[in-house]
Amino acid sequence: MTTPLQDIPIDTLSGEPTSLGAYEGHAVLVVNVASKCGLTPQYTALEKLAQEYRDRGLFVVGVPCNQFMGQEPGTPEEIQEFCSTTYGVTFPLLEKIEVNGENRHPLYAELTKHADASGEAGDIQWNFEKFLIAPDGTVAGRFRPRTEPDAPEILDALEEILPA
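Residues numbered from 1 in each chain as written. Predicted model: local features only at pLDDT ≥ 70, side-chain atom pairs only at ≥ 80, totals over all residues. Heavy atoms only, no water.

**Here's the deal with the overall build of the protein chain**
Inclusion rule: Comment: elements are numbered from the N terminus, with helices defined as DSSP H or I runs of at least four residues and strands as E runs of at least two. Type-normalised accessible area, obtained with a 1.4 Å probe on protein chains alone, sets the label of each residue: buried when under 20%, exposed when over 50%, and partly exposed for intermediate values. Contacts are residue-level and defined by heavy atoms, with any inter-residue pair within 4.5 Å sufficient. All accessible-area figures derive from a Shrake-Rupley calculation using a 1.4 Å probe, and residue coverage is judged against the displayed protein chains alone. Only four residue types enter the charge count, namely Lys and Arg as positive and Asp and Glu as negative; His and the chain termini do not. Taken as the charge location is NZ of Lys, CZ of Arg, CG of Asp or CD of Glu.
Across its full length, the protein chain holds four helices and six strands. Counting over 164 residues, the protein chain shows a buried share of 49%. Within the protein chain, counting contacts between residues at least 6 apart in sequence, those at least 24 apart form 67% of the total. For the protein chain, the exposed area adds up to about 7,800 Å²; of that, 51% sits on carbon and sulfur atoms. With 11 positive and 26 negative side-chain charges, the protein chain shows a separation of 5 Å between the mean positions of the two kinds.

Encoded structure:
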(Lines give C-alpha, C1' and ligand atoms only; values in the text may rest on other atoms or scores of the structure.)
Protein backbone atom coordinates (compact mmCIF):
# COMPACT_ATOMS: atom_id res chain seq x y z
CA MET A 1 0.00 0.00 0.00
CA THR A 2 1.33 3.40 -0.90
CA THR A 3 1.00 6.52 1.20
CA PRO A 4 -0.30 9.56 -0.67
CA LEU A 5 2.63 11.92 -1.22
CA GLN A 6 0.81 14.83 0.37
CA ASP A 7 0.40 12.85 3.63
CA ILE A 8 4.11 12.09 4.19
CA PRO A 9 5.52 14.31 6.94
CA ILE A 10 8.80 16.12 6.33
CA ASP A 11 10.28 19.15 8.05
CA THR A 12 11.24 22.43 6.47
CA LEU A 13 14.93 23.31 6.44
CA SER A 14 14.30 25.40 9.57
CA GLY A 15 12.76 22.40 11.36
CA GLU A 16 9.05 23.20 11.07
CA PRO A 17 6.80 20.20 10.34
CA THR A 18 5.17 20.19 6.91
CA SER A 19 4.28 17.90 4.01
CA LEU A 20 3.54 18.20 0.32
CA GLY A 21 -0.07 18.59 1.48
CA ALA A 22 0.87 22.24 2.07
CA TYR A 23 0.83 22.56 -1.75
CA GLU A 24 -2.38 20.63 -2.35
CA GLY A 25 -4.10 21.74 -5.53
CA HIS A 26 -0.82 23.02 -6.98
CA ALA A 27 1.86 21.50 -9.16
CA VAL A 28 5.11 20.81 -7.29
CA LEU A 29 8.59 20.20 -8.69
CA VAL A 30 10.53 18.30 -6.02
CA VAL A 31 14.32 18.39 -6.52
CA ASN A 32 17.08 16.87 -4.41
CA VAL A 33 19.68 19.62 -4.24
CA ALA A 34 23.30 20.14 -3.21
CA SER A 35 25.51 23.21 -2.84
CA LYS A 36 28.85 21.79 -4.01
CA CYS A 37 27.86 19.89 -7.14
CA GLY A 38 28.66 20.51 -10.79
CA LEU A 39 24.89 20.75 -11.31
CA THR A 40 24.41 23.36 -8.55
CA PRO A 41 23.99 26.16 -11.14
CA GLN A 42 20.58 24.57 -11.87
CA TYR A 43 19.41 26.62 -8.86
CA THR A 44 19.26 29.61 -11.23
CA ALA A 45 16.85 27.87 -13.63
CA LEU A 46 14.85 26.40 -10.73
CA GLU A 47 14.35 29.87 -9.23
CA LYS A 48 13.38 31.28 -12.63
CA LEU A 49 10.87 28.45 -13.12
CA ALA A 50 9.46 29.05 -9.64
CA GLN A 51 9.01 32.76 -10.39
CA GLU A 52 7.60 32.37 -13.90
CA TYR A 53 5.03 29.70 -13.01
CA ARG A 54 4.13 30.71 -9.44
CA ASP A 55 1.00 32.58 -10.52
CA ARG A 56 -0.12 29.52 -12.49
CA GLY A 57 0.16 27.23 -9.49
CA LEU A 58 3.70 25.79 -9.47
CA PHE A 59 5.83 25.41 -6.38
CA VAL A 60 9.48 24.36 -6.66
CA VAL A 61 10.66 22.57 -3.52
CA GLY A 62 14.33 21.80 -2.84
CA VAL A 63 15.35 18.82 -0.73
CA PRO A 64 19.03 18.96 0.32
CA CYS A 65 20.87 15.64 0.30
CA ASN A 66 24.49 14.81 1.17
CA GLN A 67 24.55 11.25 -0.23
CA PHE A 68 26.40 12.00 -3.46
CA MET A 69 30.12 12.51 -2.75
CA GLY A 70 29.33 14.69 0.28
CA GLN A 71 28.23 17.60 -1.92
CA GLU A 72 25.78 19.04 0.64
CA PRO A 73 27.80 19.09 3.88
CA GLY A 74 26.33 22.31 5.31
CA THR A 75 24.09 22.92 8.28
CA PRO A 76 20.53 24.06 7.55
CA GLU A 77 21.61 27.66 8.17
CA GLU A 78 24.59 27.34 5.81
CA ILE A 79 22.44 25.75 3.10
CA GLN A 80 19.80 28.49 3.37
CA GLU A 81 22.45 31.22 3.33
CA PHE A 82 24.23 29.72 0.31
CA CYS A 83 21.03 29.29 -1.70
CA SER A 84 19.67 32.76 -1.01
CA THR A 85 22.92 34.73 -1.39
CA THR A 86 24.49 32.79 -4.26
CA TYR A 87 21.42 31.97 -6.36
CA GLY A 88 18.67 34.21 -4.96
CA VAL A 89 16.57 31.17 -4.08
CA THR A 90 13.17 32.07 -2.67
CA PHE A 91 11.47 28.70 -3.13
CA PRO A 92 11.04 26.47 -0.06
CA LEU A 93 13.81 24.15 1.08
CA LEU A 94 12.99 21.09 3.16
CA GLU A 95 15.15 19.26 5.66
CA LYS A 96 18.37 17.54 4.57
CA ILE A 97 17.50 13.88 4.06
CA GLU A 98 18.69 10.64 2.49
CA VAL A 99 17.07 9.83 -0.85
CA ASN A 100 18.56 6.33 -1.31
CA GLY A 101 19.41 3.36 0.89
CA GLU A 102 17.99 1.93 4.07
CA ASN A 103 17.56 5.39 5.63
CA ARG A 104 15.76 6.77 2.58
CA HIS A 105 13.11 9.29 3.64
CA PRO A 106 9.53 8.00 3.17
CA LEU A 107 8.87 10.77 0.63
CA TYR A 108 11.61 9.40 -1.60
CA ALA A 109 10.55 5.81 -0.90
CA GLU A 110 7.34 6.76 -2.73
CA LEU A 111 8.86 9.03 -5.39
CA THR A 112 11.46 6.48 -6.50
CA LYS A 113 8.71 3.98 -7.35
CA HIS A 114 7.96 6.16 -10.38
CA ALA A 115 9.78 5.69 -13.66
CA ASP A 116 11.46 8.26 -15.84
CA ALA A 117 10.69 8.68 -19.56
CA SER A 118 12.81 5.62 -20.42
CA GLY A 119 10.82 3.46 -17.98
CA GLU A 120 13.49 3.29 -15.26
CA ALA A 121 12.38 3.58 -11.64
CA GLY A 122 14.45 3.08 -8.52
CA ASP A 123 17.29 4.93 -6.85
CA ILE A 124 18.05 8.59 -7.35
CA GLN A 125 21.06 8.79 -9.67
CA TRP A 126 22.59 12.07 -8.47
CA ASN A 127 21.84 15.56 -7.17
CA PHE A 128 19.14 17.55 -8.96
CA GLU A 129 16.85 14.68 -9.95
CA LYS A 130 13.37 16.13 -10.42
CA PHE A 131 9.84 14.87 -9.80
CA LEU A 132 6.83 16.77 -11.08
CA ILE A 133 3.77 16.29 -8.88
CA ALA A 134 0.38 17.13 -10.37
CA PRO A 135 -2.20 19.18 -8.44
CA ASP A 136 -4.04 15.93 -7.60
CA GLY A 137 -0.92 14.58 -5.84
CA THR A 138 0.13 12.08 -8.50
CA VAL A 139 3.62 11.94 -10.01
CA ALA A 140 3.38 13.47 -13.50
CA GLY A 141 7.03 13.08 -14.45
CA ARG A 142 10.51 12.08 -13.35
CA PHE A 143 13.51 13.84 -14.82
CA ARG A 144 17.11 12.81 -14.33
CA PRO A 145 19.77 15.14 -12.91
CA ARG A 146 21.23 16.43 -16.18
CA THR A 147 17.79 17.47 -17.45
CA GLU A 148 17.78 21.23 -16.98
CA PRO A 149 14.76 22.66 -15.11
CA ASP A 150 13.74 24.63 -18.22
CA ALA A 151 14.15 21.68 -20.62
CA PRO A 152 11.28 21.25 -23.11
CA GLU A 153 10.24 17.91 -21.60
CA ILE A 154 9.77 19.50 -18.16
CA LEU A 155 7.99 22.56 -19.51
CA ASP A 156 5.69 20.39 -21.67
CA ALA A 157 4.83 18.15 -18.69
CA LEU A 158 4.21 21.24 -16.59
CA GLU A 159 1.91 22.78 -19.19
CA GLU A 160 -0.13 19.54 -19.27
CA ILE A 161 -0.92 19.65 -15.57
CA LEU A 162 -1.30 23.37 -14.89
CA PRO A 163 -4.66 25.06 -15.24
CA ALA A 164 -5.00 27.21 -18.36
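**Observations concerning the pairing of strand S5 (residues 130-133)**
The following threshold applies: Strands pair, by our definition, only if DSSP identifies at least two bridges between them.
Side chains of S5 alternate between two faces, with Lys130 and Leu132 and Phe131 and Ile133 buried alike. Relative to S5, strand S3 (residues 27-33) runs antiparallel, the two being bridged by four bridges. Residue valine 30 lies in a different strand from S5, and its bridge partner there is phenylalanine 131. Bridge analysis of S5 against strand S6 (residues 139-143) gives four bridges, and the strand direction is antiparallel. Across the sheet, the residue bridging to isoleucine 133 is valine 139, located in S6. Once S5 ends, the chain turns through five residues before running back antiparallel as S6, passing glycine 137 with a positive phi of about 90°.

**Here's the deal with the state of the cysteines**
Two cysteines form a disulfide when their sulfur atoms are joined by a covalent bond. Note the threshold: Disulfides are defined as pairs of cysteine sulfur atoms found within 2.5 Å of each other.
Considering all chains together, one arrives at zero disulfides under this definition. Not part of a disulfide, cysteine 65 finds its nearest cysteine sulfur in cysteine 37, a span of 11 Å. Here cysteine 83 is not cross-linked by a disulfide; its sulfur's nearest cysteine counterpart is in cysteine 37, at 12 Å.

**Points about the UniProt feature "active site" (unreviewed entry) in the protein chain**
We count it as follows: UniProt positions are given in the numbering used here, feature names are shortened, and annotations may be inferred rather than shown by experiment.
Taking the UniProt record as the reference, the feature "active site" (unreviewed entry) is found at Cys37. When you line up the elements, cysteine 37 lands in the loop between S3 and helix H1 (42-53). A relative accessible area of 8% means that cysteine 37 is categorised as buried.

**A look at the sheet that holds strand S4 (residues 58-64)**
Cut-off, in case you're wondering: Only the stretch in contact is used when a helix axis is fitted, and all axes are lines through C-alpha atoms; the angle between N-to-C directions ranges over 0 to 180 degrees.
The four strands lie next to each other as S4-S3-S5-S6, forming an open sheet whose pairing is mixed. This sheet does not close on itself; its edge strands, each paired only once, are S4 and S6. Sheet twist, expressed as the average angle between the axes of neighbouring strands with direction ignored, equals 15°.

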